[in-house]
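Given next are the chains, with one letter for each unit.
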Amino acid sequence: MRNLFTLLTGLLLSILTYSQTNPGKISGAITDESQKPLPAATVSLLRAKDSSLVKIAVTDKEGRYEFDRIGEGKYLLSVSSVGYQKRFGQSFEITPGNSTVSAETFRLAAEAKSLEGVTVAAKRPFIETRIDKTVVNVESSPTSAGATALDILEKSPGITVDNDGNISLRGKQGVIVMMDGKLTFLSASDLANLLRNMPASALDQIEIMTNPSAKYDASGNSGVINIKTKKGKNNGFNGSIMIGATTSIFKPAEALYFNPKTQNSINFNWRKNKINFFGNYNPNAFRGMNRLSLDSRFLDDNYNTTGYNFTETRFRFGNNNHTLKLGLDWYADKKNVFGIVVSGFTFSGHPTPLSIADLVDENKQLEARLISSTDNDIKFQNATLNLNWKHTFDTTGRELTADFDYVVYSNVSDMILTTDFYNETFQKTGTSHLKGHLPANIDIYTFKSDYVQPIKAGRFEAGVKFSYVKNDNLVEYERLINNQWQTDQVRSNHFIYDENINAAYVNVNREIKKWTFQAGLRLENTIAHGNQVVTGQKFKRDTTNLFPTAFISYKLDKKNTLTVAYGRRIQRPNYQDLNPFTYFLDTLSYRQGNIYLRPQYTHNIDLTHSFNGKLITTFNFNTTDDIISQIVKPEPNSKIRFLTVDNVAEFTNIGVSVTAPIPVAKWWNANLFANVFNNRYKGVYDTFNINLSYTSFTANLTNNFTFKKGWSGELSGMYRHKALGGLTRMEPIYQMSFGVQKQVMKGKGTVRFNVRDPFAWQKFQGRNTYGMIDGGFAARPDIRQVTGTFTWRFGKNGQQNQPRRRNSSSQDEQNRVGQSQ
């Protein structure tokens, strides 16, 4: 491996010295109507034949711009700036005899709505469909007010979220979720907990990519979701303050409950000369409840029914959380930018589930009742440090970037589980007490560097990445025996896991007439060690894999484009899924990890047709070996059932999806996403065969309305038919939301009001039927909510600069503290 990385590093260094010699040079200037220079205007160089983008430049303080090393061909220029009307220039040609072009001086006229004292902001559509990704602009949705990050994901095209927070994309689980280009390293439950407590007001965009290029980590068999938080980019001092309140309306059979929540945020940005300082802070409080019903049928070795368990669990919870992000960019000179970002969150929660379990015989006559109450105290903290550097060699787009990240997670859970036992006549027969102290710490170190070199009608990319992760988990259980707490040696444990991943990639893109080709290859070497300290059980894994990607696009005509994409991907087990510890829901059910989990490998193929860049139809096929799935298992000779994860079968997914923007009227725009898919699991697990298959469909519809006098509204809804979620057959889920907003204070303020799931339609139901397991569940979450918010934007509205996009080095690792192109 040392020789291989020496070779790759030498290749990267040799690339840095390579310079493509293209003859063309284009320069010019941009002014306003009074002929004053217009800085920070965006100048786009387009191909004359189809208006496809070649390069982008930003004017300097004198209003000037320049493009170097432009290949032969016909081009035109497009110029835009916030508060001004967009302009297109005349076409021109670069030839060996005419290699230097002085373009016309563009004079931009102010927008008609740019009045003195009025804030003008370009409104982005809620959903943007691009050939390589789908972008959700969170701020453009009135129903985002008071919502959480998980709520926004649920209404995004092709995404579904189950009751446990597991995220699926186009019917497939195994999605990688990033925050600002960084992997979260969280378990599915911890990630869901984080997203449930992150306000939508802290988000800027959500990027959805089903087939990322070799530049991205190979993790995630069904794609990548990148959640981008807000970052200011205007000159001067700017920002916003949002205050909001939400009440959820929860109505089980016996009563009506109102649960309050608060959502507040502060965002600011200060930019002057070479310094850009930005940040945001979000303090929030949350109160809520949930209901979960479980039923399980007990079977003997001949699959005859021997009894049942019916359990009702009522969850009440309250938590407080704070998120903070601060960053500084230093534009040292025209070619070098240095940056530092520190961020973190704290979460403290106190869930108190109460479970009533009735054990009955085969005739459904009561044999025993167990009443369990759990007092939980949970503290979850995270801190991240990112150091970054970007060097721009010239105006052609040749650049070198480097990122270093240090990420730390600390999760401490203290619980006391008390269970009272009753016989068939409801006479109390005993009480048990179980106390648990469960701390977990994760330290992550990552470094990556990427190089981009424009070539004739294309681009070359290469990079390296190194990561090291240490995961230290401790579980201490004690039982109350004779009024003395005694260590439970069977359930107490200590597990240490460390992992080192070394990666390198190359990616080449080339355009030839109507064809676009892209090919990439990523190499990843993984070295992992696990140590179960109490038992002395250890393991070591050392694997090296290649992950090719390919992308071919052909323009049939000006409006129709066909694209074929292929990628091989991996999904490594989440760190918490490898952890063999036991986590109790009640006395008869618990969750446990699996140190023997293996990675799963997936082949993805997409065939996409794009009409006019808006109507997108995609056929997808993928197959996965050793799929990782949650599975319910029985304890031998016991009525206890536990949830674990294992490599269970081969998985095949096939589907077709359509994304269509629908301009119904001048004031009414809709966006429809529909997906029909089939999931199939086939294999042998333990002693029983698995052969599950189901065809389902999902649909998301978002309607946006623009009214007069600053009013706008939204009506959105989603539906997912019966489907397989892992080995669980899920019942349909559906919901709708509506909201309105009004611009006030001459555009500096926004008032929003929305209602989510007003008819309380959304609930989660499913059933597991395989081997010795026959059990179902029904969960009704606390999601019928009414929200009102007010946002005030303050500061000087300077010219908007191009945002500095940055993907940190710890993308993949952070996402596995559970689970662009």
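Residues numbered from 1 in each chain as written. Predicted model: local features only at pLDDT ≥ 70, side-chain atom pairs only at ≥ 80, totals over all residues. Heavy atoms only, no water.

(A) Highlighting unusual backbone geometry. Residues other than glycine seldom take positive phi values, yet Asn273 does so here, at roughly 55 degrees. With respect to the element layout, Asn273 can be found in the loop between strand 20 (257–272) and strand 21 (275–299). A relative accessible area of 68% places Asn273 in the exposed class. At Asn482, a residue that is not glycine, the phi angle is positive and equals roughly 55 degrees. Residue placement: Asn482 occurs in the loop between strand 28 (458–481) and strand 29 (484–487). Residue Asn482 is classed as exposed on the basis of its relative accessible area of 71%. (Helix = DSSP H or I, 4+ residues; strand = E, 2+ residues; numbered from the N terminus. Buried < 20%, exposed > 50% of the residue type's maximum accessible area, 1.4 Å probe, protein only.)

(B) Focus on the pairing of strand 11 (residues 134–137). Side chains of strand 11 alternate between two faces, with Thr134 and Val136 and Val135 and Asn137 buried alike. Note that strand 11 and strand 17 (residues 203–209) share 4 bridges and pair antiparallel. The partner of Val136 across the bridge, within strand 17, is Ile206. (Pairing = 2+ DSSP bridges.)

(C) Seen up close, the environment of Thr384. Mapping Thr384 onto the fold places it in strand 25 (residues 366–392). Of the residues examined, Thr384 reaches a relative accessible area of 7% and is grouped as buried. For the pair formed by Thr384 and Val341, sequence separation is 43 residues and the distance between their alpha carbons is 7.9 Å.

(D) Fine view of the side chain of Asn579. Turning to its location among the elements, Asn579 is positioned in the loop between helix 4 (575–578) and strand 34 (582–586). By relative accessible area, Asn579 is classed as buried at 0%. A distance of 3.2 Å separates polar atoms of two side chains, one belonging to Asn579 and the other to Asn473. (Polar contact = N/O pair within 3.5 Å; in protein donor to acceptor, adjacent residues only side chain to side chain.)

(E) The packing of aromatic side chains, seen in detail. Taken as a whole, this structure holds 30 aromatic pairs when the rule is applied. With 5.5 Å between their ring centres and 40 degrees between their planes, Phe697 and Tyr719 make a pair best called tilted. Of the two residues, Phe697 is situated in strand 40 (residues 688–706) and Tyr719 in strand 41 (residues 711–720); the sequence distance between them amounts to 22 residues. Overall, Phe697 belongs to the partly exposed group, its relative accessible area being 36%. The structure contains a cluster of three or more aromatic residues connected by ring pairs, namely Phe697, Tyr719, Tyr734, Phe759 and Trp761. Cation over ring: Lys364 sits above Tyr308, and NZ or CZ is 5.1 Å from the ring centre. Between Arg541 and the ring centre of Phe539, over which it is positioned, the NZ or CZ distance is 4.4 Å. (Phe/Tyr/Trp six-rings, centres within 6.5 Å; stacked < 30°, edge-to-face > 60°. Lys NZ or Arg CZ within 6 Å of the ring centre and 35° of its normal.)

(F) Quick look at the confidence of the model for the protein chain. Summing up the model confidence of the protein chain, the mean pLDDT is 82 and the portion of residues at 70 or higher is 85%. Counting contacts from residues 1–21, a segment whose pLDDT is below 50, to residues more than four positions away or on other chains yields 30 contacts. Between residues 797–805, whose pLDDT stays under 50, and residues either more than four places distant or in other chains, the model counts 34 contacts. (pLDDT = per-residue confidence, 0-100. Contact = heavy atoms within 4.5 Å.)

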